Amino acid sequence: MAQPLVKKDDDRDDEAEYSPFLGIEKGAVLQEARVFNDPQLDARRCSQVITKLLYLLNQGETFTKIEATEVFFSVTKLFQSRDIGLRRMVYLMIKELSPSADEVIIVTSSLMKDMNSRTDMYRANAIRVLCRITDGTLLTQIERYLKQAIVDKNPVVASAALVSGIHLLQTNPEIVKRWSNEVQEAVQSRAALVQFHALALLHQIRQNDRLAVSKLVTSLTKGTVRSPLAQCLLIRYTSQVIRESGVNTQTGDRPFYDYLEGCLRHKAEMVIFEAARAITVLSGVTTRELTPAITVLQLFLSSSKPVLRFAAVRTLNKVAMTHPMAVTNCNIDMESLISDQNRSIATLAITTLLKTGNESSVDRLMKQITNFMSDIADEFKIVVVDAIRSLCLKFPLKYRSLMNFLSNILREEGGFEYKKAIVDSIVILIRDIPDAKESGLLHLCEFIEDCEFTYLSTQILHFLGNEGPKTSDPSKYIRYIYNRVILENATVRASAVSTLAKFGAMIDSLKPRIFILLRRCLFDNDDEVRDRATLYLNTLGGDGSVVETDKDVKEFLFGSLDIPLTNMETSLKNYIQNPSEEPFDINSVPKEVKSQPLVEKKAPGKKPTGLGAPPTGPASTADTYERILSSIPEFTSFGKLFKSSAPVELTEAETEYAVNVVKHIFDRHVVFQYNCTNTIPEQLLENVFVIVDASEAEEFSEVGSKPLKSLPYDTPGQTFVAFEKPEGVPAVGKFSNMLRFTVKEVDTSTGEAEDDGVEDEYQLEDFEVVAADYMVKVGVSNFRNAWESMGPDFERIDEYGLGPRESLAESVNTVINLLGMQPCEGTEVVPSNSRSHSCLLSGLYIGNVKVLVRLSFGIDASKEVAMKLAVRSEDENVSDTIHDIVASG
């Protein structure tokens, strides 16, 4: 049943006006459609029935093929009516029904008759319908009429033809491109919409030819465009040409910048705004170039039209991200918008002021925001909270007032996402501003007293357990934590028990008190709470047992689990499915974060099977490769396998032979496993091996190989080549490959191969061993704790210039791929328009050496990127090696 359209009355909010189509059913409407067949047509009645049919179609109702056909043929009979309103409804109905090719013929003659009618309304609508339902064959027959319509004196007809051309360009581009002369003539039309549509179509026709677009912009920027709508389009196309052209290196000028600046003095507000916005988004825009655009946007801030105020403040908000000083002149005008009736405008004004304000204006802004927060929705509040966090990091001396503000709004009403944004902001401020730790933790403790969200309570308790013991008076937090054990649900109680244990492990003077509280937890009615209390009492010695060393206890409580949970789950499932008398060994769980292996390229319909197929899961991948290599006597002396790469394709898709290579890394050796598949049914390959040219890999020397005896059709097999390399050195190099084999013809009817064969060879693609091949991706659950526990003994810090880059995101991804490490805590994602970014990486270097990396990026107006690299590891040589990799990369 159709849903009602509810509309609130301005005077009576409690009453609702319902849609007249409420409760209509398809069957009843189809019965009503019989009026289309009446000898004496009632135009008003027929229009009402078509309206109902259109409503059903737009509500998602589907008609069967028979129903659609009956309605279509009934509607075509309405062409005999001369009522203009009904005729327009008929056009709409035919467009919505989208008749099939054999049905289109029925209405083609009527539509073509209307297209040549003296009634302009008939002509325009007939053109739209014909172009919507016709195919390429019929289009060539009416092309002459469409060309004439484009240059028609009536703007309604011309616009209809141009808009139809825009749609047809997607399906019949070759036909539409022949209309260039007529479209170019329409661009000179005095009718605003015709000029707008003509320019849009002309640009789409030429969009794949940069030179043609540049010539179009050059010719039109000389003043031939009168329509404000077309002018806005032209500004956008001009911006595109400017982006592609760049700045003149000799004069420092931009092509067409004068045109954009001239548009700032246009009489139409939409053109002025479009030009101002275009200037603000120019790549590497300077303050001198920004100034005229900022000036007109400042004037819009005091406009009586809400749409202009919103457009201006939103644009200035974006400019403030990259050029905050350029927007400061608008601060007084934006402060007046804080009380704007439109809450979207007020929110943007607040966040822009927070980005551009100075230290002296912080307190004044906080007073204004306090009254403002209660009037806006949670989604706007989150934006404000994020802006306040950035402001606090910008002016750390103002942390007290900003932290108090966050604490106050944390205790007000709000949804989960809003409260989480506030908690996350307080946590970040505590971590980055040491002076804010004590007050911030107390604010969080006060919040969990009344927190209704279990997730937030557990996260705060976890953070409190890590940071609380490091404060000057840790004992003041115990009361808040134990209250959670008494008053909360089982999940929060269990988290509180863990937090208490962390305080006991770090503060000896608190141990007796912690033991008493943990013993009380032994009588809890929840298994998880009791088990945790028992475990921690045993670990800390609260039950009188012999305890581990302080280092082991702290490692147990604060250390991060450096094993991917998916790998842990897979190993535990394997252990349960294959019972053993030996206890489960956590050291047997693979630590590498396995990415999805590349699918082997094969002929269509062929699925790789056997060991040559990519392994399916993280644990099975490592196990499969290790099992293969350990079964080859030549490789048993190489020791334990450190890492296996994802397959690298060495052949194009759908070639005679599909080959990819997997790089197996050992301490002093590298083994290349070539997975080969024969995709030709009439051939059998024997004595298959790969000749490897390592002339561009000087530190590698070949020490052995294992050929493949036979490679039948569609049965993957492997051949191996082993190289020796210096121990503990991330040797790199390029390897060229030639596949050699003896090919024998096969009788496909019997499957037997000929006795004699012919030696042949097949050139494979080159591949490289890179520095990232010596690093295993290993995540850490808490990077800050892992970084601090690693210690600064083997820390190495240096700064690097990465040169010009398209964006910070490109620079971050480049360094991550270069090092082959695992991004932590989502820091690989770079916010749009960000001028600086920090990225955290973790990994295991060859030799099982843990490595942590902190990257700090910054990009200037000329897109030059600078990077600060801080490395901590368990071996100083490894820390130096990471810097060497970046320096040479």
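Residues numbered from 1 in each chain as written. Predicted model: local features only at pLDDT ≥ 70, side-chain atom pairs only at ≥ 80, totals over all residues. Heavy atoms only, no water.

Focus: the overall build of the protein chain
Line of reasoning, step 1. From N to C terminus, the protein chain includes 36 helices and 19 strands.
Line of reasoning, step 2. Per-residue burial over the protein chain gives 49% buried out of 889 residues.
Line of reasoning, step 3. For the protein chain, restricting intrachain contacts to residue pairs at least 6 apart in sequence, the fraction spanning at least 24 positions comes to 63%. (Helix = DSSP H or I, 4+ residues; strand = E, 2+ residues; numbered from the N terminus. Buried < 20%, exposed > 50% of the residue type's maximum accessible area, 1.4 Å probe, protein only. Contact = heavy atoms within 4.5 Å.)

Brief notes about the side chain of Ser873
Line of reasoning, step 1. One can find Ser873 in strand 19 (residues 864–873).
Line of reasoning, step 2. Among the polar contacts listed, one links the side chain of Ser873 to the backbone oxygen of Asp875, at a separation of 2.6 Å.
Line of reasoning, step 3. Within the structure, Ser873 has its side chain in polar contact with the side chain of Ser879 (distance 2.8 Å). (Polar contact = N/O pair within 3.5 Å; in protein donor to acceptor, adjacent residues only side chain to side chain.)

Considerations on the nonpolar core
Line of reasoning, step 1. Residues Phe36 and Leu354 are the most contacted members of the largest nonpolar core, which totals 192 residues.
Line of reasoning, step 2. Among residues more than four places away in sequence, those in contact with Leu354 are Leu365, Met366, Ile369, Val384, Ala387, Ile388 and Leu391. (Core = buried A, V, L, I, M, F, W, Y, C linked by side-chain atoms within 4.5 Å.)

Here's the deal with a negative patch on the surface
Line of reasoning, step 1. Taken together, the side chains of Glu682, Glu745, Asp747, Glu752, Glu754, Asp755 and Asp756 define an acidic patch exposed on the protein surface.
Line of reasoning, step 2. The topology assignment puts Glu754 in the loop between strand 11 (733–745) and strand 12 (758–763). (Patch = residues over 30% accessible without salt bridge, like charges linked within 9 Å, V, L, I, M, F, W, Y side chains within 5 Å. Areas by Shrake-Rupley, 256 points an atom, 1.4 Å probe, with all protein chains shown as cover. Salt bridge = Lys/Arg side-chain N within 4 Å of Asp/Glu carboxyl O. Lys, Arg positive; Asp, Glu negative; His and termini not counted. Charge placed at Lys NZ, Arg CZ, Asp CG, Glu CD.)

A few points about the state of the cysteines
Line of reasoning, step 1. Inspection of the entire model under this criterion finds zero disulfides.
Line of reasoning, step 2. Cys263 forms no disulfide, and the closest cysteine sulfur to it belongs to Cys232, at a distance of 8.7 Å.
Line of reasoning, step 3. Classification of Cys263 by relative accessible area gives buried; the value is 3%. (Disulfide = S-S within 2.5 Å.)

Describing helix 13 (residues 228–245)
Line of reasoning, step 1. Relative to the 26 Å expected for 18 residues at 1.5 Å per residue, helix 13 spans 25 Å between its end C-alpha atoms, a close match to the ideal helical length.
Line of reasoning, step 2. Inspection of helix 13 places Ala230, Gln231, Cys232, Leu233, Leu234, Ile235, Tyr237, Thr238, Ser239, Gln240, Val241 and Ile242 among the buried residues, and these make up the whole buried set.
Line of reasoning, step 3. Those residues of helix 13 that are buried lie in contact with helix 11 (192–206), helix 12 (210–220), helix 14 (257–263) and helix 15 (269–280). (Expected span 1.5 Å × (residues − 1).)

Here's the deal with the pairing of strand 6 (residues 669–678)
Line of reasoning, step 1. Here strand 6 lies mainly inside the structure; 10 of its 10 residues are buried.
Line of reasoning, step 2. Side chains of strand 6 alternate between two faces, with His669, Val671, Gln673, Asn675 and Thr677 and Val670, Phe672, Tyr674, Cys676 and Asn678 buried alike.
Line of reasoning, step 3. Bridge count between strand 5 (residues 657–665) and strand 6: nine bridges; the pairing is antiparallel. When the bridges of strand 6 are listed, Val659 appears paired with Cys676.
Line of reasoning, step 4. Between strand 5 and the antiparallel strand that follows it, strand 6, lie three residues.
Line of reasoning, step 5. Both strand 6 and strand 10 (residues 717–724) contribute to a ladder of eight bridges, which runs antiparallel. Bridge pairing in strand 10 links Tyr674 to Thr719. (Pairing = 2+ DSSP bridges.)

Examining the confidence of the model for the protein chain
Regions with low pLDDT should not have their predicted coordinates read in detail.
Line of reasoning, step 1. When pLDDT is averaged across the protein chain, the result is 83; 90% of the residues are at 70 or more.
Line of reasoning, step 2. Here residues 594–619 is modelled with pLDDT under 50, and outside its nearest four sequence neighbours on either side it reaches 53 contacts, counting other chains as well. (pLDDT = per-residue confidence, 0-100.)

Some details on unusual backbone geometry
Line of reasoning, step 1. Positive phi, close to 60°, is recorded for Asp714, a residue that is not glycine.
Line of reasoning, step 2. Locating Asp714 in the fold gives a position in the loop between strand 9 (708–711) and strand 10.
Line of reasoning, step 3. Given the relative accessible area of 23%, Asp714 is considered partly exposed.
Line of reasoning, step 4. Its identity as a non-glycine residue notwithstanding, Asn848 has a phi of 60°, on the positive side.
Line of reasoning, step 5. Note on Asn848: relative accessible area 52%, which makes it exposed.

A short note on the pattern of salt bridges
Line of reasoning, step 1. Counted under the stated rule, the structure contains 37 salt bridges.
Line of reasoning, step 2. Salt-bridge contacts for Asp386 lead to Arg389; the nearest nitrogen and oxygen are separated by 3.7 Å. Remark: Arg389 and Asp386 occur in helix 22 (residues 378–394); sequence separation between them is three residues, near one turn of the helix.
Line of reasoning, step 3. Residue Glu569 is joined to Lys573 by a salt bridge in which the shortest nitrogen-to-oxygen separation is 3.3 Å. With a gap of four residues between them, Glu569 and Lys573 both fall in helix 32 (residues 565–577), about one helical turn apart.
Line of reasoning, step 4. A relative accessible area of 42% means that Glu569 is categorised as partly exposed.
Line of reasoning, step 5. Connected through shared salt-bridge partners, Lys437, Glu467, Lys470, Arg784 and Glu788 make up one network.

Some words on the environment of Ala496
Line of reasoning, step 1. Here Ala496 is to be found in helix 28 (residues 490–506).
Line of reasoning, step 2. For the pair formed by Ala496 and Val851, sequence separation is 355 residues and the distance between their alpha carbons is 31 Å.
Line of reasoning, step 3. Not counting residues within four places of it along the chain, the set of residues in contact with Ala496 comprises Leu461, Ile481, Arg484 and Val485.

Concerning the packing of aromatic side chains
A ring pair, where both rings are aromatic, is described by two values, the distance of the centres and the angle of the planes.
Line of reasoning, step 1. Summed over the entire model, instances satisfying the criterion amount to 18 aromatic pairs.
Line of reasoning, step 2. Arranged with centres 5.5 Å apart and planes meeting at 70°, the rings of Tyr575 and Phe584 form a pair that is edge-to-face.
Line of reasoning, step 3. Through a chain of ring-to-ring contacts, the aromatic side chains of Phe672, Tyr674, Phe700, Phe723, Phe735 and Phe767 assemble into a single cluster.
Line of reasoning, step 4. Between the NZ or CZ atom of Arg144 and the centre of the ring of Tyr145, over which it lies, the distance is 4.6 Å.
Line of reasoning, step 5. Positioned over the ring face of Trp787 is Arg854, at 4.8 Å from the centre of the ring. (Phe/Tyr/Trp six-rings, centres within 6.5 Å; stacked < 30°, edge-to-face > 60°. Lys NZ or Arg CZ within 6 Å of the ring centre and 35° of its normal.)

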